[in-house]
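Single-letter residue listing:
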Amino acid sequence: MRSVTYSMGVSLDGYIVGPDGRFDWTDPDDEVFRFWIDEIRTIDVHLLGRRLHETMLYWETAEQDPSLDAASREWAELWNPLPKVVFSRSLTEVQGTNTRLASGGLAEEIERLRAEPGEGEIAIGGATLAAEAAAAGLIDEYRAMVHPVLVGGGIPFFPRDERRVDLELVETRTFGANVVYLRHRVVR
């Protein structure tokens, strides 16, 4: 069965976005960006909340920029054809290559995607969507790219539902920019 992963950049105090709405501290250096490029190769479909979808729309036209570096071009070439499903209560349509608006609930969508053939991951992006998936026990792995910054509040990486989830450390990696990758599998 295809696994569901939740992977994002996070501050050391546990936030994906600070109280000011900024997340510029997650801008990856070349080494971290290469890691993200390699990770996207393992994904079959990406589930996104509205805010992350709107942020990622930049990549839809990035390839048209002649000053785009090779790594960013490679990311765009991988991201754009990747199937994407957007969950939103306010949007009636979505933009983007290979992007569709979810027609049902998150649990139903994940169940349908898990039933499809394929070995790649079902990736979840966005803390609100991930919190819903976590509450339903649908996340198989948490992958945090921990940045050396304390932002003091904002949108938390982990849901605050006061439910215990036991995790097994599967992988760690330290990058030159003092960024640490932590990959944990949910113990079932």
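In short, a report on the structure. (Residues numbered from 1 in each chain as written. Predicted model: local features only at pLDDT ≥ 70, side-chain atom pairs only at ≥ 80, totals over all residues. Heavy atoms only, no water.)

1. Some thoughts on the environment of Met1
Rule in force here: By definition, any uninterrupted DSSP run of H or I lasting at least four residues is a helix, any uninterrupted run of E lasting at least two residues is a strand, and each is numbered from the N terminus. Exposure classes here rest on a 1.4 Å probe applied to the protein chains alone. A residue is buried below 20% of its type maximum, exposed above 50%, and partly exposed in between.
The topology assignment puts Met1 in the segment before strand E1 (4–11). For Met1, a relative accessible area of 83% corresponds to the exposed category.

2. Some words on unusual backbone geometry
Backbone geometry at Asn98 places phi at a positive 55°, although glycine is not the residue there. Mapped onto the secondary structure, Asn98 falls in the loop between strand E4 (84–87) and strand E5 (99–101). When its relative accessible area of 44% is taken as the criterion, Asn98 is described as partly exposed. Its identity is not glycine, yet Asn178 carries a phi of approximately 65°, on the positive side.

3. Points about the sheet that holds strand E9 (residues 167–174)
As a general point, the strands of a sheet are linked pairwise by backbone hydrogen bonds and lie either parallel or antiparallel. Test applied: When DSSP finds two or more bridges between a pair of strands, those strands are recorded as paired. Between the N-to-C directions of two axes lies an angle of 0 to 180 degrees, each axis being a line fitted to C-alpha atoms and, for a helix, fitted only over the stretch in contact.
Strand order in this open sheet of eight strands is E5-E4-E3-E6-E1-E7-E10-E9, and the pairing throughout is mixed. The outermost strands of the open sheet, each flanked by one partner alone, are E5 and E9. For this sheet, the mean angle separating the axes of adjacent strands, direction not counted, is 20°. Sheet analysis places E1 next to strand E7 (residues 141–147), joined by seven bridges and oriented parallel. Across the sheet, residue Thr5 finds its bridge partner in E7, namely Glu141.

4. Observations regarding the packing of aromatic side chains
Which entries qualify depends on this criterion: Working definition: a ring pair exists when centres of Phe, Tyr or Trp rings (six-membered ring for Trp) sit within 6.5 Å. Plane angles under 30 degrees give stacked, over 60 give edge-to-face, the rest tilted. By the criterion adopted, a ring carries a charge over it if an Arg CZ or a Lys NZ lies within 6 Å of its centre and within 35 degrees of its normal.
Following the criterion strictly, the structure yields 12 aromatic pairs and no others. Stacked on the ring of Trp79, the Lys or Arg Lys84 has its end atom at 5.0 Å from the ring centre.

5. Notes on the side chain of Thr26
Tracing the sequence through the fold places Thr26 in the loop between strand E2 (15–17) and helix H1 (30–40). We classify Thr26 as buried; its relative accessible area is 18%.

6. Section: H1
Going by this rule: A 3.5 Å cut-off defines polar contacts: any pair of N or O atoms within that distance qualifies, except that in protein one atom must be a possible hydrogen donor and the other a possible acceptor, and neighbouring residues in sequence count only when both atoms are side-chain atoms.
Taken together, the buried positions of H1 are Val32, Phe33, Phe35, Trp36, Ile37, Glu39 and Ile40. For H1, the side-chain oxygen to backbone nitrogen distance between the N-cap and Glu31 is 3.2 Å, and the N-cap itself is Asp29.

7. Focus: the environment of Glu121
Worth spelling out the cut-off: Here a residue-residue contact requires only that any non-hydrogen atoms of the pair lie within 4.5 Å.
In this fold, Glu121 is placed in strand E6 (residues 121–125). Assessed through its relative accessible area of 12%, Glu121 is described here as buried. Residues Glu121 and Val45 lie 76 residues apart in sequence; the distance between their C-alpha atoms is 6.9 Å. Residues within four places of Glu121 in sequence aside, it is in contact with Ser3, Thr5, Thr42, Ile43, Asp44, Val45 and Arg143.

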